[in-house]
Amino acid sequence: MTIDTNWENFIEEELSRLSFKNLERKLYKVSHPTNTETIYEGKEVLNFASSNYLGLAGHPEINKAMKDALDKHGTSTTASRLITGHTTAVEKLEKQIASFKETEAALLFSNGYMTNLGVISALLGRHDVVISDRLNHASIVDGIRISGAQHYRYRHMDSCHLETMLKKAIMKGFRKVLIVTDTVFSMDGDSAKLDDILYLKDKYGAALMLDEAHAEGAIGPFGRGLAYKMNVHKETDLHMGTFSKAFGVYGGYIAGKRTWIKFILNKSRSFIYTTSLPPSIIGGISASIPLVKKSETARRQLDEKSIFFRKGLIKLGIPIGNSNTHIVPVMFDNELQAINFSKKLLEFKVLGVPIRPPTVTTARVRLTLMATHSIEQISRAIKAIEMAYESVRGESVLYK
Ligand SMILES: *Cc1c(COP(=O)(O)O)cnc(C)c1O
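Remember, it's a predicted structure, so these values are computed and weren't measured experimentally.

Reading guide: rules and limits
- Residues numbered from 1 in each chain as written.
- Predicted model: local features only at pLDDT ≥ 70, side-chain atom pairs only at ≥ 80, totals over all residues.
- Heavy atoms only, no water.
- Helix = DSSP H or I, 4+ residues; strand = E, 2+ residues; numbered from the N terminus.
- Buried < 20%, exposed > 50% of the residue type's maximum accessible area, 1.4 Å probe, protein only.
- Pairing = 2+ DSSP bridges.
- Axes fitted to C-alpha atoms, helices over the stretch in contact; angles between N-to-C directions.
- Contact = heavy atoms within 4.5 Å.
- Salt bridge = Lys/Arg side-chain N within 4 Å of Asp/Glu carboxyl O.

Caption draft 1: Fine view of unusual backbone geometry. Cis rather than trans, the peptide bond between Pro357 and Pro358 has omega equal to 5°. Looking at the element boundaries, Pro358 is found in the loop between strand S13 (353-355) and strand S14 (364-368). One non-glycine residue, Thr78, adopts positive backbone phi at about 50°. Following the sequence through the fold, Thr78 ends up in the loop between helix H2 (60-73) and helix H3 (88-101). You will see that Phe222, though not glycine, has its phi angle at about 60°, which is positive. Summarising the element assignment, Phe222 is placed in the loop between strand S8 (207-211) and helix H8 (226-229). A relative accessible area of 41% means that Phe222 is categorised as partly exposed.

So this is what it looks like as structure tokens:
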């Protein structure tokens, strides 16, 4: 084959293909993205698109901790952890994380994406297999790809299919088997069947890694996540999480047994080959962990408000999949409907973002609740969703 030197042509064709299929991604300007009221492309709207679940982003104690750390330790470490980027504050923070997760040890990463990438690829190689829920987060998928391990996907939350995959893995004679799943699914808002998974993990001798990105802070005693709520945290080998959602700061981590963490520290390329997080972020996370633990009231409110929101939508016949959390998708048959729905929603001053393939298999508009939403704001959103949904449905009938 000859080399195609026409880059312009290639890029333009791909872009017009994306645009034609309603899959083109664009950036939209937002100010105050963590507040319940925000300005989206110059327009005041109710914000149902933030992961500031407990309302902790911008908390005065976090702000102060970040400023203090900045004043004391400067803007950057300018070095990776294994060179000179490991400070007293980081060591203290990792102990704090381990204690929050009740594990022996924890390791901080730059963010959640790099945690999944680095942990999975450190643990597994081409003789191994990862069995993964089909709707797991992209960072898990990318970690598996980089690892070179075989990738078996089971149908979303289908424990029978998971067992079939485990049997297949045993039959093929792989060296190691890792089961990995989101606990609360980021685009569907449903929750993994952790008791089934634990049973199967034991039965087939697999290890289990849980991504608690959307559960932590929001769910479980002290906001420790779904594994704690379901009382399977002790049997879970690896707990992964992010500080950029309910914690309101930034950064990712992995927690588990001391030897596992040591192994990951030695092998994880996304841990080794990058500059450590700046002191201000370390200070911010350190301040936010105790705040998350104390946020029992906000957690209860988030739960109650999510129920109120979901019930309101279900009563109107709006399809929200199997959501049982603060993440609530409105499902559509195609990309165009999802886009038109979110545009209509904006006209009614509510922000919810369309999520399309390849991020998900079915187009939807994803809405997220925060403890800081008032019931009045949620009621307004339900009303807006009702009107927007009707108008989009009307249109789609018209076009057919
Ligand atoms: C957001 C998210 C991540 C990535 O975390 P970041 O800290 O934003 O990089 C990983 N897994 C899941 C399930 C997520 O929703």
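This is not the end of the story, as more comes after the structure.
Caption draft 2: Seen up close, the sheet that holds S8. Reading across the sheet, the 7 strands line up as S4-S10-S9-S8-S7-S5-S6 and stay open at both edges, with mixed pairing between neighbours. Sheet topology places strand S4 (105-109) and strand S6 (150-154) at the edges, where each strand pairs with a single neighbour. Ignoring which end each strand starts from, the neighbouring axes of this sheet average 20° apart. Packing of helix H4 (residues 112-123) onto the sheet brings it into contact with S4, strand S5 (129-133), S8, strand S9 (238-242) and strand S10 (252-256), and relative to S9 it is tilted by some 155°.

Caption draft 3: View of the sheet that holds strand S12 (residues 350-351). Spatially, S1-S2-S3-S12 is the arrangement adopted by the 4 strands of the open sheet, whose pairing is mixed. Both edges of this open sheet fall to strand S1 (30-31) and S12, since each of them pairs with a single strand only. Where strand S2 (residues 37-40) meets strand S3 (residues 43-47), 4 bridges bridge the pair, whose relative direction is antiparallel. Considered in S3, the bridge of Glu37 is made with Leu46.

Caption draft 4: Inspection of the pattern of salt bridges at higher detail. Tallying each qualifying case throughout the model produces 18 salt bridges. Between Arg81 and Glu94 there is a salt bridge, with its nearest N and O atoms 2.9 Å apart. In this pair, Arg81 is assigned in the loop between H2 and H3 and Glu94 in helix H3, connecting sequence segments 13 residues apart.

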